[in-house]
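Fold and contact review
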Amino acid sequence: MKVNIIGILKQRKAQATEYYVKGQADIAKTNTATLVFSGIGLLFITILLYLVSFIMFSGWRPRWTHNGLLIIGLASIFIGLLLQKKKVTSFYLVLFCSLLFQYGVMFMIISMGTFVYWDCPSTFITLVLIVLPVMFIIPETIMLPSVIIWATTFVVLTYQTKIVSAIEFDVFSSIAAAIGSIILLVITSQLRVKEYLSKREYMELSVVDVLTGVWNKAACAQKADEYLKNRGKEPF
């Protein structure tokens, strides 16, 4: 039995396109909530890093990268809450804010691992490369190049700035993390698309009469109520 790989890829692409077109409002709401929780998480980790460093290393002072992560965390919380308060469901606006958060965090982490701590191996880059791309619902056509750009930038700067003993570890770990991130990103995206298609199918079955193919009684009543609420005091 031959497997039509091209046909499967085309089908997956069509399903993903439908998901990112018809599900834009729901994706925007999810990404807005993720922006708030990501900011809170980043804020917590940065403060914890401050405290641990102050306790373990005498005379330690926060660098500009640490302060940058703190600012990004606070900004993402503020922007996320503002978008929720205004009930913004613009897919592209929320997408821009999500990408801004991701690129800001990666800029600080890469700078921290190369320019600030140039004399020791970097540990944060591996974790961030794997986790950050799957936190938000962003099309693969945007996230896959982003992961490659982040990993390539870190590898190039590692060769230019870090000591020899740290280069081998950082290069290997960042490349391995990028490969794992891409695999995880593809799997996660497919699961999200399948979940959306399943929910849409169940929604259609719940409002459409199977025999006639038209709305059932409950769906007609719901649409009538929505119309009457939106109509206000205007006459029929």
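Residues numbered from 1 in each chain as written. Predicted model: local features only at pLDDT ≥ 70, side-chain atom pairs only at ≥ 80, totals over all residues. Heavy atoms only, no water.

**Regarding the confidence of the model for the chain**
- Summary statistics for the chain give a mean pLDDT of 86 and a share of 87% for residues scoring 70 or more.
- Per-element averaging of pLDDT across the chain places helix H8 (residues 217-231) at the bottom with 69 and helix H3 (residues 64-85) at the top with 95. (pLDDT = per-residue confidence, 0-100. Helix = DSSP H or I, 4+ residues; strand = E, 2+ residues; numbered from the N terminus.)

**As for the nonpolar core**
- Ranked by internal contacts, the top residues of the largest apolar core, which has 41 residues, are Phe-101, Val-105 and Met-106.
- Elements with a contribution of two residues or more to this core: helix H1 (5-22), helix H2 (24-56), H3, helix H4 (91-116), helix H5 (124-135), helix H6 (140-161) and helix H7 (164-207).
- In terms of residue count, H4 provides more of this core than any other element does, 12 residues in total.
- Sequence-distant contacts of Met-106, defined by excluding residues within four places in its chain, comprise Ile-125, Val-128, Leu-129, Leu-132 and Trp-150. (Core = buried A, V, L, I, M, F, W, Y, C linked by side-chain atoms within 4.5 Å. Buried < 20%, exposed > 50% of the residue type's maximum accessible area, 1.4 Å probe, protein only. Contact = heavy atoms within 4.5 Å.)

**Some remarks on the packing of H2 against H4**
- H4 packs onto H2 with a crossing angle of 30° between their chain directions and a minimal axis gap of 9 Å. Classified by the angle between their axes, H2 and H4 sit roughly parallel to one another. The two elements H2 and H4 meet at a crossing, and its hand is left-handed. Contact with H2, carried on its side by Gln-24, Ile-27, Ala-28, Asn-31, Thr-32, Leu-35, Ser-38, Gly-39 and Leu-42, involves Phe-91, Tyr-92, Val-94, Cys-97, Ser-98, Phe-101 and Val-105 of H4 and no other residues of that element.
- When its residues are assigned to classes, the contact of H2 with H4 shows 10 nonpolar, 6 polar and no charged. (Axes fitted to C-alpha atoms, helices over the stretch in contact; angles between N-to-C directions. Parallel < 35°, antiparallel > 145°, perpendicular 65-115°, else oblique. Left-handed = near helix turned anticlockwise from the far one by under 90°. Nonpolar A, V, L, I, M, F, W, Y, C, P; charged D, E, K, R; others polar.)

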